[in-house]
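Overview (structure and organization)
Here's the letter readout for the chains.
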Amino acid sequence: MPRTTTLPRQGSYELVDNSSINNSSTDFMQDNSSSFTEEMHYRSSILAASHALNLPDDTVPTAQEGMLRRVESLAADTSIEHVMDGDATCTRSTGSSDAKVESPMWWYQNNSKTTSTKQQRSEIYQKAERDVIRRTLEEIDKVANKRIRDGFSEVNFTIGVLNMILVVFVFALYPQHFWLLFLIEGVVFVASKAHTFWTAKPLNNILYLLDYCWVMNILALFVLVFFLFDGLVVNPSPSGNALHKQVFMASIGTACGPLLGACLILPFVAVLFHDINTLSDLFIHIFPPMVAYTLKWEADDIRQAWPNVFILDYTEEVTFFPNATASSSFFNCVVGSTITLYLVWFVLFTGWMLTTGINLPRSDLAIVPKYDTVFHSLMRGGLYIVTGTTFFGRSKTISVEHMNANHFEKGDLFVYLVAHAVLAISSTFILGYPCFHSKRIHSSLLMLVTVVTVYRGARRYTYYATEMYGKTLRKQFAHLLDEDVNS
């Protein structure tokens, strides 16, 4: 009895085992989203950790369970598995009815029983072999075309490499102007990422910009624009020493703490020269610690180059921990300003998630879901199964059902928020404190995160390179395909 595999309905966007979210087939051709989403990286990291720790299968997700995946990726996986297995009957759902597509090898096995000569069996086998090769190469070509649509081109790669050279050049030789490069590139990267989020399918990802890292970077851009406008246009002198000092302290702690730490632990922060979406993620995490380096250790040069924009004559009197002799000492230090800024975001984000955000992507409600959130993406990445089995005794089966419906419990939201707060605040002490007191440690940590992000990018390019075997296969089997065309 041949095995039957169900493929997703063409023109739809589905959760695995869930077809509640649909779009027209033209959306597939217009899609330019990144091939590797944060969700996929979370899943990959969880799988790697589970293998290293030898965790039971019922406590961790598989590669696909509960993933919000585009139909073409799911169909390609199933199709390739189908043609390579060689003994399956594939049922492709067409919306109104199901049509069975017989595997060429299974067709050969069944029909060869009725042939009476070796020549007939040979012809049947050759036809089946050509069909298998052609269909396999078609699936490989789909992946290659997807890479091209995602921006994998010579032009994008060249621009990405030249931009990295520009960043290193300005940071090393003109640190007093590096903040301006951050401002210019920040506007480009944030606008590009916002467009990608807005056009994402099946769910709109624009609310990802409410994540802490994005909020801090967008806030930094607005502050720099304000300082620039206030110092050069409105006022020949800076707006006020107190405001500048508070911004300086909060910026140093935030950039050298949570954002620097995120470079080390988030798997999607990588150097990919051709991919502006991935470069945007890299920008918001690695650029702020670099700007903080110039503000802290190159303050004199910045003050001389931009006297009406930055004061920075208070850098020697700023302390990392509260000064007992100062009034309102907790807010007059780096750690106090940083934690206060974090808590403002935390309270607002938590209130929004509890009242609105947690139900926005749910597909089991009467309202058709439209928006996704960072929390839901992380949970679908596999963390929901881990938190369920670890903290709430929830079975993997139930967790996968919830993941398919984007229906997550508030208890898991609480675990996520507590973990986020602990990591963010602890990184302020663990990373922020040594960066604040030592130029050598600050530069060493920047070098470390550079090595880590470049290595992640190298692994990604290695993966891309392995897909080039498609051309080799097509070349090797060209004679069989040509025979089929000429016959």
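Presented here is a report on the structure given in the accompanying data block. (Residues numbered from 1 in each chain as written. Predicted model: local features only at pLDDT ≥ 70, side-chain atom pairs only at ≥ 80, totals over all residues. Heavy atoms only, no water.)

1. Quick look at the overall build of the protein chain
The helix and strand tally for the protein chain stands at 18 helices and 5 strands. Within the protein chain, buried positions represent 49% of all 487 residues. A sequence separation of at least 24 residues applies to 71% of the contacts in the protein chain between residues at least 6 apart. For the protein chain, the exposed area adds up to about 24,000 Å²; of that, 63% sits on carbon and sulfur atoms. (Helix = DSSP H or I, 4+ residues; strand = E, 2+ residues; numbered from the N terminus. Buried < 20%, exposed > 50% of the residue type's maximum accessible area, 1.4 Å probe, protein only. Contact = heavy atoms within 4.5 Å. Areas by Shrake-Rupley, 256 points an atom, 1.4 Å probe, with all protein chains shown as cover.)

2. Thoughts on a nonpolar patch on the surface
A contiguous nonpolar patch, built from Leu166, Phe169, Leu173 and Tyr174 and spanning about 380 Å² of accessible area, is present on the exposed surface. As for its position among the elements, Leu173 is in helix H6 (residues 154-173). Relative accessible area serves as the criterion here: at 53%, Leu173 is assigned to the exposed category. (Patch = residues over 30% accessible without salt bridge, like charges linked within 9 Å, V, L, I, M, F, W, Y side chains within 5 Å. Salt bridge = Lys/Arg side-chain N within 4 Å of Asp/Glu carboxyl O.)

3. Description of the nonpolar core
Counting 84 residues, the largest nonpolar core has Phe178, Trp179, Phe248, Phe310, Leu312, Phe375 and Tyr416 as the members making the most contacts within it. Per-element accounting of this core gives the leading share, 11 residues, to helix H10 (residues 276-297). Leaving out residues up to four positions away in the same chain, Phe248 has contacts with Leu295, Lys296, Leu312, Tyr314, Thr315 and Val318. (Core = buried A, V, L, I, M, F, W, Y, C linked by side-chain atoms within 4.5 Å.)

4. Considering H10
For H10, with 22 residues, the first-to-last C-alpha span of 30 Å sits near the 32 Å given by 1.5 Å per residue. The largest bend along H10 reaches roughly 35° and is located at Phe283. Here H10 lies mainly inside the structure; 20 of its 22 residues are buried. (Expected span 1.5 Å × (residues − 1). Bend = angle between axes of the 7 residues up to and from the residue.)

5. Things to note about unusual backbone geometry
Only a minority of non-glycine residues have a phi that is not negative, and only a minority of peptide bonds are not trans. In this chain, Lys201 is followed by Pro202 through a cis amide linkage whose omega measures 5°. Among the secondary structure elements, Pro202 is positioned in the loop between helix H7 (178-199) and helix H8 (212-234). The phi dihedral of Leu312 is positive, around 55°, even though this residue is not glycine. Tracing the backbone through its elements, the reader meets Leu312 in the loop between helix H11 (299-305) and helix H12 (334-355). Owing to a relative accessible area of 2%, Leu312 belongs among the buried residues under this scheme. One non-glycine residue, Asn406, adopts positive backbone phi at about 55°. Among the secondary structure elements, Asn406 is positioned in the loop between helix H14 (396-404) and helix H15 (410-437). Here Asn406 falls in the buried class, since its relative accessible area comes to 1%.

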